[in-house]
Amino acid sequence: MSNDVQMNDSCAEKQDDWVKITSSDGYSFLVKRSVAAISGTLKNMLSEDSSFREAIANTCPISERAAVVEKVCEYMTFKAYYEGPGSKEGVDVNEFTERIPPEVALELLLAADYLEGVLDSSL
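Looking at an unreviewed UniProt entry, the chain carries the name Elongin-C, with the source organism given as Suillus placidus. Note on the chain: under the UniProt heading Sequence similarities (unreviewed entry), the record states "Belongs to the SKP1 family." According to the UniProt record, the Subcellular location (unreviewed entry) comment for the chain reads "Nucleus".

Following this line, the structure appears as C-alpha cells:
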C-alpha cells in the first residue's frame, strides 16, 4: 500500500478535527479536539453522546476574556503534549508559569476551576 493513502476509521478521524473556543469578547481560538478534551468540562460539552449545542456546532463558548482563554488554550496544548505518548525531555514548570501575566492570574485560576469539572458517575 502506498504511503500516500492512509485508512482511518471515523473515530480516529473525529479525534483529529478542530474545535473552536470562543471568548466573551468575541475572539475565537482553534484547537484540536484531543487538546480540548484535556478539560473535563469541554470534553463533556463536545461528547458525541450528548445533544449539547456545543457538540453539534463544534464550538465551545467560555465566558472569559480573550487573554484568559488564550492562556487556557496554551495550557491545554502544553499539557496534551507532555502527557502524550513518547519520551519528552524534562520540562521546567517555570517554562509555562513565567508566561502568565499577573493581571490574569486570578481569572485564569477561576477559569481552570470551571474547565476542570468532570461529572462524577458515582453520584
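When you look at the pairing of strand 1 (residues 18-22) in this model, what are you seeing that I'm missing?
Put simply, side chains in a regular strand alternate between the two faces of the sheet. In this sheet, strand 2 (residues 28-32) lies alongside strand 1 in antiparallel orientation, the contact comprising five bridges. Looking across to strand 2, one finds that tryptophan 18 is bridged to lysine 32. Where strand 1 folds back on strand 2, the antiparallel hairpin that results is connected by five residues, among which glycine 26 adopts a positive phi of roughly 95 degrees. Both strand 1 and strand 3 (residues 59-61) contribute to a ladder of three bridges, which runs parallel. Bridge assignment links threonine 22 to a residue of strand 3, and that residue is proline 61.

Help me out: how do you make sense of the sheet that holds strand 2 in this one?
A sheet is described by the order of its strands in space; here three strands give the open sequence 2-1-3, paired in mixed fashion. The open sheet terminates on both sides in strands that have one partner only, identified here as strand 2 and strand 3. Neighbour-to-neighbour, the strand axes of this sheet turn through a mean angle of 25 degrees, independent of strand direction.

Before we go on, may I ask you to explain unusual backbone geometry in this structure?
Most of the time, phi is negative for any residue but glycine, and the peptide bond is trans. Phi is positive for asparagine 58, which is not a glycine, with a value near 60 degrees. As for its placement among the helices and strands, asparagine 58 is situated in the loop between helix 4 (53-57) and strand 3.

How should the pattern of salt bridges be read in this particular structure?
Where side chains of opposite charge bring their charged atoms close, a pairing between them can arise. Scanning the model with the defined rule gives three salt bridges in all. Measuring nitrogen to oxygen at the nearest pair gives 2.9 Å for the salt bridge that ties aspartate 17 to arginine 33. Separated by 16 residues along the polypeptide, aspartate 17 in the loop between helix 1 (10-15) and strand 1 and arginine 33 in helix 2 (residues 33-36) bring together distant segments of the chain. The same class applies to aspartate 17 and to arginine 33, which are both buried. Between arginine 65 and glutamate 107 there is a salt bridge, with the nearest N and O atoms lying 2.8 Å from each other. Pair noted here: arginine 65 is in the loop between strand 3 and helix 5 (66-83) and glutamate 107 is in helix 7 (residues 105-115), with a separation of 42 residues, a long-range link.

How should I be thinking about the environment of glycine 40 in this particular structure?
Locating glycine 40 in the fold gives a position in helix 3 (residues 40-45). Owing to a relative accessible area of 8%, glycine 40 belongs among the buried residues under this scheme. On a C-alpha basis, the gap between glycine 40 and glutamate 116 in space is 5.1 Å, while along the polypeptide they are 76 residues apart.

Rules and cut-offs
- Residues numbered from 1 in each chain as written.
- Predicted model: local features only at pLDDT ≥ 70, side-chain atom pairs only at ≥ 80, totals over all residues.
- Heavy atoms only, no water.
- UniProt positions renumbered as here; feature names shortened; annotations may be inferred.
- Pairing = 2+ DSSP bridges.
- Helix = DSSP H or I, 4+ residues; strand = E, 2+ residues; numbered from the N terminus.
- Axes fitted to C-alpha atoms, helices over the stretch in contact; angles between N-to-C directions.
- Salt bridge = Lys/Arg side-chain N within 4 Å of Asp/Glu carboxyl O.
- Buried < 20%, exposed > 50% of the residue type's maximum accessible area, 1.4 Å probe, protein only.

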